[in-house]
Amino acid sequence: MNILLLGPPGAGKGTQAKRLEERYGMIQLSTGDMLRAERASGSALGRQVQAIMDAGKLVSDDIMIALIASRIAGLKGKGFILDGFPRTVPQAQALDDMLEKNGIALDRVIELTVDEDALIDRISGRFSCKSCGASYHDRYHQPKQPGRCDICGSTDFVRRPDDTAETVKARLEAYRDQTAPILPYYRAKGLLRSIDGMAEIDAVAQQIETILKSPRG
Ligand code: AP5
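Rules and cut-offs
Residues numbered from 1 in each chain as written. Predicted model: local features only at pLDDT ≥ 70, side-chain atom pairs only at ≥ 80, totals over all residues. Heavy atoms only, no water. Axes fitted to C-alpha atoms, helices over the stretch in contact; angles between N-to-C directions. Helix = DSSP H or I, 4+ residues; strand = E, 2+ residues; numbered from the N terminus. Parallel < 35°, antiparallel > 145°, perpendicular 65-115°, else oblique. Contact = heavy atoms within 4.5 Å. Core = buried A, V, L, I, M, F, W, Y, C linked by side-chain atoms within 4.5 Å. Buried < 20%, exposed > 50% of the residue type's maximum accessible area, 1.4 Å probe, protein only. Expected span 1.5 Å × (residues − 1). Arc of directions from axis to C-beta. Polar contact = N/O pair within 3.5 Å; in protein donor to acceptor, adjacent residues only side chain to side chain. Near = heavy atom within 4 Å. Areas by Shrake-Rupley, 256 points an atom, 1.4 Å probe, with all protein chains shown as cover. Nonpolar A, V, L, I, M, F, W, Y, C, P; charged D, E, K, R; others polar.

1. Regarding the packing of helix α2 (residues 31-41) against helix α4 (residues 61-73)
Inference 1: Contact geometry for α2 and α4: axes closest at 11 Å, N-to-C directions at 100 degrees. One element, α2, and the other, α4, form an angle in the roughly perpendicular class. Together, Thr-31, Met-34, Leu-35 and Glu-38 of α2 and Met-64, Leu-67, Ile-68 and Arg-71 of α4 make up the contact between the two elements.

Pasting the structure below:
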């Protein structure tokens, strides 16, 4: 099964992608994580995208399409969850071309809808496992054992530099202006399903499972 999770910053895409990865062995393809890894490695690409990410703006389509293309080509039949890509109509069109070229079909596009106030609250309380990237929240989702990641057991956690109130505003604006226009693109293909991302994490996961088990369309 190959799925795409869509939704504004803080909607819960990464949280749900990690669950699907853990439960079904699907591969999470998070372009945000890929870019953060480039930054952490100090690569030329990482240095190039740093200021754009910290301003909450979108990295150029050319860079993003090249970044994801090699990952798609390397999947070798494994199911995937796209998280953070595509984010513009040209990226969605490029994804279609890449999938076709590799003989892969997209099975579901799932939109997580969340109120804007809740997004800001979620992002400002977020912290992640430094080792595996699992996402937690100061109030809504603490590790089961305090200070130890549920997924990989690491005790190192980080907060993202773009999770500030000002940057979140810019990220929400980028979502509204550049990413939301891809919703009609997938609706027209009969792939789009929208779910209530305001529900608790387990309840959101349940809604996703129901969609994965239901017939396409
Ligand atoms: P990216 O890393 O993709 O960030 P984002 O889309 O802004 O999404 P987030 O990771 O902030 O949110 P999420 O939906 O994954 O929420 P999470 O599960 O963590 O991109 C970062 C930057 O990279 C972009 O701004 C851009 O510059 C660049 N970029 C990346 N891809 C690009 C592309 N394709 N094109 C151009 N530029 C690109 O949850 C958030 C918090 O809420 C967590 O604390 C979590 O524990 C909590 N939470 C989750 N679900 C719930 C729930 N149901 N109830 C209560 N709390 C919850």
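2. Thoughts on the nonpolar core
Nonpolar side chains in soluble globular proteins tend to be buried together.
Inference 1: In terms of nonpolar packing, the biggest core is built from 30 residues, with Leu-29, Ile-68, Leu-82, Leu-106, Val-109 and Tyr-186 touching the most fellow members.
Inference 2: Elements represented by at least two residues in this core include exactly β1 (3-6), α2, α3 (44-54), α4, β3 (80-83), α5 (89-101) and α8 (182-188).
Inference 3: Leave out the neighbours within four places in its chain, and Leu-106 touches Asn-2, Ile-3, Leu-4, Phe-80, Leu-99, Tyr-186, Leu-191 and Arg-216.
Inference 4: Core analysis: the next-biggest nonpolar cluster, separate from the first, contains 20 residues, Ala-17, Ile-81, Leu-172 and Leu-212 among them.

3. Considering helix α9 (residues 201-213)
Inference 1: With 13 residues, α9 should cover 18 Å at 1.5 Å per step; its first-to-last C-alpha distance of 19 Å lies within 8% of that length.
Inference 2: All of the buried residues in α9 are Val-204, Ala-205, Ile-208, Glu-209, Ile-211 and Leu-212. Mapping the buried residues of α9 onto a view down its axis gives an arc of 160 degrees, with all of them on the same face. Exposed residues pointing more than 90 degrees away from the buried face of α9 are listed as Asp-202 and Lys-213.
Inference 3: The inward-facing, buried residues of α9 contact β1, α1 (13-24), β4 (108-113) and β8 (192-196).

4. Structural notes on the environment of Asp-96
Inference 1: Its place among the elements puts Asp-96 in helix α5.
Inference 2: Along the backbone, Asp-96 and Lys-213 are 117 residues apart, and their C-alpha atoms lie at a distance of 23 Å.
Inference 3: Leaving out residues up to four positions away in the same chain, Asp-96 has contacts with Tyr-185 and Lys-189.
Inference 4: A polar atom in the side chain of Asp-96 sits 3.0 Å from the side chain of Lys-189.

5. What to know about the site of the ligand
Inference 1: Around the ligand there are 36 residues in total, and Thr-15, Lys-57, Arg-87, Tyr-136 and Arg-171 lie nearest to it.
Inference 2: Between the ligand and Gly-10, the relevant distance is 2.8 Å, taken from an oxygen atom to a main-chain nitrogen or oxygen of the residue.
Inference 3: Within the contact set of the ligand, an oxygen atom lies 2.8 Å away from a backbone nitrogen or oxygen of Gly-14.
Inference 4: The fraction of the free accessible surface of the ligand (1,000 Å²) that becomes covered by protein chains is 96%.
Inference 5: By residue number, the principal contributor to the shell around the ligand is α2, which donates four residues.
Inference 6: Here the residues of the shell around the ligand are counted per class, giving 14 nonpolar, 12 polar and 10 charged.

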